[in-house]
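Geometric and topological summary
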Amino acid sequence: MSNMDIQNVAVIGAGQMGTGIAQVFAQSKFHTQLSDVSPEALVKGMGVIEANLNRLHQKGKISREDVGETLRYIHPVLEMSEIGRAELVIEAATEDEKVKRDIFKSLTPHLSKDAILASNTSSISITRLASATDRPEQFLGVHFMNPVPVMQLVELIRGIATDEIAFLKVQDVVAKIGKIATVSEDYPAFIVNRVLIPMINEAVYALFEGVGSVISIDTSMKLGANHPMGPFELADFIGLDTCLSIMMVLNDGLHDSKYRPCPLLQKYVDAGWLGRKTGRGFYDYRHGDPTPTR
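Definitions and limits used
Residues numbered from 1 in each chain as written. Predicted model: local features only at pLDDT ≥ 70, side-chain atom pairs only at ≥ 80, totals over all residues. Heavy atoms only, no water. Helix = DSSP H or I, 4+ residues; strand = E, 2+ residues; numbered from the N terminus. Rg over C-alpha atoms; globule rule 2.2 N^0.38 Å. Buried < 20%, exposed > 50% of the residue type's maximum accessible area, 1.4 Å probe, protein only. Arc of directions from axis to C-beta. Contact = heavy atoms within 4.5 Å. Core = buried A, V, L, I, M, F, W, Y, C linked by side-chain atoms within 4.5 Å. Domains from an automatic or database assignment. Buried area = accessible area lost by both parts, 1.4 Å probe. Salt bridge = Lys/Arg side-chain N within 4 Å of Asp/Glu carboxyl O. Polar contact = N/O pair within 3.5 Å; in protein donor to acceptor, adjacent residues only side chain to side chain. Nonpolar A, V, L, I, M, F, W, Y, C, P; charged D, E, K, R; others polar. Pairing = 2+ DSSP bridges. Axes fitted to C-alpha atoms, helices over the stretch in contact; angles between N-to-C directions. Parallel < 35°, antiparallel > 145°, perpendicular 65-115°, else oblique. Left-handed = near helix turned anticlockwise from the far one by under 90°.

This part is about the overall build of the protein. A tally of regular secondary structure across the protein gives 11 helices and 10 strands. Taken against the 2.2 N^0.38 rule, which gives 19 Å for 294 residues, the C-alpha radius of gyration of the protein at 19 Å falls within 12% of a compact globule. For the protein, the spread of C-alpha atoms along the principal axes amounts to about 55 × 45 × 35 Å. Here the protein holds 294 residues, and 47% of them are scored as buried.

Time to look at helix H11 (residues 263-270). If you check which residues of H11 are buried, you get Leu-264, Leu-265, Tyr-268 and Val-269. Looking down the long axis of H11, one finds its buried residues gathered within 140° of arc, a one-sided arrangement. Facing away from the buried side of H11 by more than 90 degrees, the exposed set consists of Lys-267 and Asp-270. At its buried positions, H11 is contacted by helix H7 (192-208) and helix H10 (240-254).

Turning next to the nonpolar core. Judged by nonpolar contacts, the single largest core of 37 residues is most densely connected at Ile-21, Phe-25, Leu-34, Leu-88, Val-142, Phe-144 and Val-170. Counting residues per element, this core draws most heavily on helix H1 (residues 16-27), at six residues. Each residue touching Leu-88, except ones within four places of it in the same chain, is listed here: Ile-6, Asn-8, Val-9, Ala-10, Phe-25, Ile-116, Ala-118, Val-170 and Val-173. Membership of the second largest hydrophobic core comes to 29 residues, among which are Ala-189, Ala-203, Phe-232 and Met-247.

We now examine the domain arrangement of the protein. Its domain assignment divides the protein into domain 1 (8-185) and domain 2 (194-292). Computed over C-alpha atoms only, the centres of domain 1 and domain 2 are separated by 27 Å. Domain 1 puts five residues into the contact, and the matching count from domain 2 is four residues. In total, domain 1 and domain 2 occlude about 440 Å² of area from one another, counting both sides; carbon and sulfur atoms represent 61% of this. Viewed at the interface, domain 2 and domain 1 are joined by zero salt bridges. For the pair domain 1 and domain 2, the number of links is zero residue pairs in polar contact (both at pLDDT 80 or more). Residue composition of the side of domain 1 that touches domain 2, by class: one nonpolar, three polar and one charged.

As for its position among the elements, Asp-284 is in strand E9 (residues 283-284). Of note is the side chain of Asp-284, whose polar atom sits 2.7 Å from the side chain of Arg-286. In contact with Asp-284, other than residues within four places in its own chain, are Gly-279, Asp-289, Pro-290, Thr-291 and Thr-293.

Quick look at the sheet that holds strand E4 (residues 88-91) now. Pairing within the open sheet is mixed, and its eight strands lie in the order E3-E2-E1-E4-E5-E6-E7-E8. Strand pairing shows two members of the sheet lacking a second neighbour, strand E3 (74-77) and strand E8 (180-184), which therefore form its edges. Pairs of neighbouring strands in the sheet enclose a mean axial angle of 25°, with direction left out of account. Of the pairings in the sheet, the one linking strand E7 (residues 153-158) to E8 comprises five bridges and is parallel in character. Within E8, the position partnered with Glu-155 by the bridge is Thr-182. Strands strand E1 (8-12), E4, strand E5 (116-119) and strand E6 (139-144) of the sheet are contacted by helix H4 (residues 97-107), whose axis makes an angle of about 165° with E5.

Quick look at the packing of H7 against helix H9 (residues 231-238) now. Two numbers describe how H7 lies on H9: the axes approach to 9 Å, and their chain directions differ by 120°. On the basis of the axis angle, H7 is oblique to H9. In this structure, H7 crosses over H9, and the sense of that crossing is left-handed. Taking contact as the criterion, the partners of Leu-196, Ile-197, Met-199, Ile-200, Ala-203, Val-204 and Leu-207 in H7 are, on H9, Pro-231, Phe-232, Leu-234, Ala-235 and Ile-238. Residues that form the contact of H7 with H9 fall into these classes: 12 nonpolar, no polar and no charged.

Moving on, we come to unusual backbone geometry. Backbone torsion omega between Asn-146 and Pro-147 reads 0°, so that peptide bond is classified as cis. Along the polypeptide, Pro-147 turns up in the loop between E6 and E7. With phi around 65°, Lys-29 is a residue other than glycine that occupies positive phi space. Backbone geometry places Phe-190, a non-glycine residue, at a positive phi of 60°. Residue placement: Phe-190 occurs in the loop between E8 and H7. With a relative accessible area of 4%, Phe-190 lands in the buried category.

Here the structure, examined in full by the defined rule, presents 13 salt bridges. Here Glu-97 and Arg-101 are joined by a salt bridge, their closest N and O atoms 3.8 Å apart. Remark: Arg-101 and Glu-97 occur in helix H4; sequence separation between them is four residues, near one turn of the helix. The exposure class of Glu-97 is partly exposed, given its relative accessible area of 22%. By relative accessible area, Arg-101 is classed as partly exposed at 23%.

Written out as C-alpha cells, the structure reads:
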C-alpha cells in the first residue's frame, strides 16, 4: 500500500473526540465508519456531527450540499466485525488503558493485515497499547486536540516498534485533513498535556492554598498571560476526570513529586463535579451564566 492509498477510516468511540475526528475525515472525503458499543451514543454522535455541520452552513463556511455530502461519507456501525475494510482505525474511547487494550484485542481479528491502528490517547504509553495488538509495527499515537474540527494540531507519537512506513502514511493523512502534525516521543502525556495539565494542576493548588479565587486566577491568566481561557474554564471544558487521569499518568510514569495531583482536584472528581459535561466543576453551569463553585 502506497502513501496515497488510505481512503477508508474507522473511528472507535462516538463521544466528543470520536465524533469530531469522524467529522473532519468525512469533510475531507474519506469514507469514515463511526463505531460504538452503545446504539444511543452512536445516534447522539451522528446528531452532534449533523448539528456541527449545520452551524458551519449557517455561518456561510460550507454549502447545504457540503452538509449532505459529508454526512454520506460517515457510516455508523455497532459491530467491530463491520469495520474490516478500514485501512486506518483510530481508537477514541475513554482515557482508560484497560478499556483501550480490550478494544484493540477485540478489534484486530477483524482487520486486514495491512490496516494501521492508532490511538487518540492524550497520555498513555503508545508502546504499551501497541503490545495489546497483533501489529505493534503498524501502531502509533494520533492525538487530536479538542474540539477536533476547530483545533489545528495533531500530535503523532511512535511506539518503540512503530514502522517508518506506517508513520509516514498517517502523517500524509493528517496533512490531507488539513491538520498540522507535531512529533512527540513516547513519554507520559506527550507534549501538549505534559505542559498544559500541570499548569492546570498548579492553578488548582493556588486555589487550594488560597492564593486566589477561581475568578481571580482565571482573569489573571487571561489578561496577564494572554490565554484565551483561564485554567479553570479550560479544566471544566476538558473534564476534571481527564485532567486527574493525565496527572496520575505523569505522576506514576515520571516519579517526580511535582506531578502530584492536587487533593482539591481529586475532591471535585470524587464529588462527580467533572466540569461542563456534568453541569458543575470549578464553575456551575446549571443556571444560566457560569458561576464559580469556590
